[in-house]
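Okay, here's what each chain looks like letter by letter:
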Amino acid sequence: MNKSAYKNLKLYSGMLTLLIFISSCGETNSEKKTPAAKAPEIKTLVLESQRLASELKMPGELIANQQVDLYAKVSSFVKSLKADVGTQVTAGQLLVTLEAPEMSSQLAAAESRLKAQEAVYTASNANYNRLLATSQTPGTISTNDLEQALAKKNADLAQLHAAKASFKEIGTIQNYLEIRAPFAGIISSRNVNAGAYVGPSGKGSEFPLFTVQEQKHLRLVVSIPEQYTGYLKTGDTVTFKVKSQPAALFTATVKRMSGALDQRLRSERVEMDVANLDKKLLPGMVADVSIPLPANASTFVVPKSAIVDGSEGIYVIRSKNNRAEKVNIKKGRETDDKTEIFGDLTAGDKLVAVAGEEIHDGDPIKP
């Protein structure tokens, strides 16, 4: 090999070495610039017992403290009306007078039968008394005649009692021709006019003559769901609003609780008394009721984001040995951002703060 060829080979080898060095340096820098993939971190929280006080908002209905529909007991005609819709009435006040001409005839006939029977009984009683006095002389009156006279007296007395009862019955029925208010209240409806036929049967009995309501005191009726029945007791105070006065806040006191669940709604009927002396509230109004749910005991409370309500049920995800574990729960009371939970949990458990169905049992959890 001549000197020129040797020099070219040496130059070529040096350039090749330089290229290999530059290439290796580039790969090293590239490796340094690409960071290693990190395991995802999941936010967790420590389960603690808390006292959760909240409110249950439910619809309720206002009804009259007392309400009655008044009907005619006997077939008759309306003679005169003494009240109208909106009339404030007192207990015993005359509302309507009815007339039934045949009732007067029946009463007169019953009175005649009564007087006739009184005369018959007077005669039989006097006859018995005379025979009894005469029988004191031995041999004058036979025992059979005396017993017959006593039997006639007793029979006439029984007929007299029957005549009195018949007369009283017709008199009582005649009293039904005057219909009076059973309690103090207001006439909320009237369905008849003077001269209308009314009675226990026929066209006049399709609707009540009057409807009377006591409106100075109302009842607020609410159906409490089963899971909240343990938080209310007699004497508790609740607040409510009505649509006609959205700015006003009214109060009611729990007075009556049914003590049983409705089989269809699975709820308990609760009645509350409402004072309505100014008559701002009306029976039939729908109220927006706020029922306080006090914190009676310490329970587990978590953010709503920690609860999963999915196809596998309602559960939270617990971190056990840095692995995901689903724990089925039941929800209790709720506030805007927190929920009371019940399940196989222990204070100090670590739960996933923002849980979802994409996290499965056994998935690694890096707090």
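Quick caveat, the model's predicted, so the values are computed rather than measured. Residue positions are given per chain, counted from 1 along the sequence in the order it is written. Per-residue local features are limited, in this predicted model, to residues with pLDDT of at least 70; the limit for side-chain atom pairs, both in listing and counting, is 80 or more; totals at the level of whole chains, interfaces and linings are taken over all residues. With hydrogens and water excluded, all non-hydrogen atoms of the structure serve as input to the side-chain values.

Undergrad: Run through the packing of aromatic side chains, naming residues and quoting values.
TA: Here a Phe, Tyr or Trp ring, Trp counted by its six-membered ring, pairs with any other such ring whose centre lies within 6.5 Å, and the pair is stacked when the planes are under 30 degrees apart, edge-to-face when over 60, and tilted otherwise. Summed over the entire model, instances satisfying the criterion amount to 2 aromatic pairs. Considering the side-chain rings of phenylalanine 77 and tyrosine 197, the 5.7 Å spacing of their centres and the 65° angle between planes classify their relative orientation as edge-to-face. Of this pair, phenylalanine 77 sits in strand E4 (residues 76–81) while tyrosine 197 is found in strand E9 (residues 197–198), placing the two residues 120 residues apart along the sequence. Per-residue accessibility, obtained with a 1.4 Å probe over protein chains only, is compared with the maximum for each type, and a residue is labelled buried under 20%, exposed over 50%, and partly exposed between these values. According to the relative accessible area criterion, tyrosine 197 is partly exposed, its value standing at 33%. Ring centres 5.5 Å apart and planes at 25° place the aromatic pair phenylalanine 240 and phenylalanine 250 in the stacked group. Taken together, the positions of phenylalanine 240 in strand E11 (residues 237–242) and phenylalanine 250 in strand E12 (residues 245–261) put the pair 10 residues apart, joining distant regions of the chain. Accessibility expressed as a relative area gives 15% for phenylalanine 250, which makes it buried. Elements are defined by DSSP. Helices are runs of H or I of four residues or more, strands are runs of E of two residues or more, and each kind is numbered from the N terminus.

Undergrad: Provide a residue-level description of the sheet that holds E9, including the pertinent values.
TA: Sheet architecture is open: 4 strands sit in the order E7-E6-E4-E9, paired in antiparallel fashion. With one partner strand each, in any of the chains shown, strand E7 (178–180) and E9 form the two edges of the open sheet. Pairing between strands is defined by DSSP: at least two bridges between them are needed. As paired strands, E4 and E9 are joined by 2 bridges and run antiparallel to one another. From the neighbouring strand, phenylalanine 77 faces E9, where its bridge partner is tyrosine 197.

Undergrad: Tell me about the pattern of salt bridges, and please be specific about residues and values.
TA: Two side chains bearing opposite charge may form a pair once their charged atoms approach each other closely. For this analysis, a salt bridge means a side-chain nitrogen from Lys or Arg found within 4 Å of a carboxyl oxygen belonging to Asp or Glu. The full count for this structure, using the stated rule, is 13 salt bridges. Of the charged contacts, one joins lysine 280 and aspartate 278 as a salt bridge, the two residues approaching to 4.0 Å between their closest N and O atoms. Here the salt bridges share partners, and the residues they tie into one network are Arg219, Arg256, Arg269, Glu271 and Asp273.

Undergrad: Which residues make up the pairing of E11, and what are the values?
TA: Burial along E11 is one-sided: Val238, Phe240 and Val242 are buried, and none of Thr237, Thr239 and Lys241, which face the opposite way, are. Here E11 hands over to E12 after 2 residues, the two strands then running antiparallel side by side. As paired elements, E11 and strand E14 (residues 286–293) share 4 bridges and run antiparallel to each other. For valine 242, the partnering residue across the bridge sits in E14 and is alanine 287.

Undergrad: Just give me the short version of the packing of helix H2 (residues 101–134) against helix H3 (residues 143–175), but keep the residues and values in it.
TA: H3 packs onto H2 with a crossing angle of 160° between their chain directions and a minimal axis gap of 8 Å. Between H2 and H3, the interaxial angle falls into the category roughly antiparallel. Between H2 and H3 the crossing geometry is left-handed. Polarity classes work like this: nonpolar for Ala, Val, Leu, Ile, Met, Phe, Trp, Tyr, Cys and Pro, charged for Asp, Glu, Lys and Arg, and polar for all others, with Gly in that last group. When its residues are assigned to classes, the contact of H2 with H3 shows 18 nonpolar, 10 polar and 8 charged. For every element, the axis is a line fit to its C-alpha atoms; helices are fit only across the contacting stretch, and the angle between N-to-C directions ranges from 0 to 180 degrees. An angle below 35 degrees is read as roughly parallel, one above 145 as roughly antiparallel, one from 65 to 115 as roughly perpendicular, and any other as oblique. Put simply, a crossing is left-handed when the front helix is turned counterclockwise from the back one by less than a right angle, and right-handed when it is turned clockwise.

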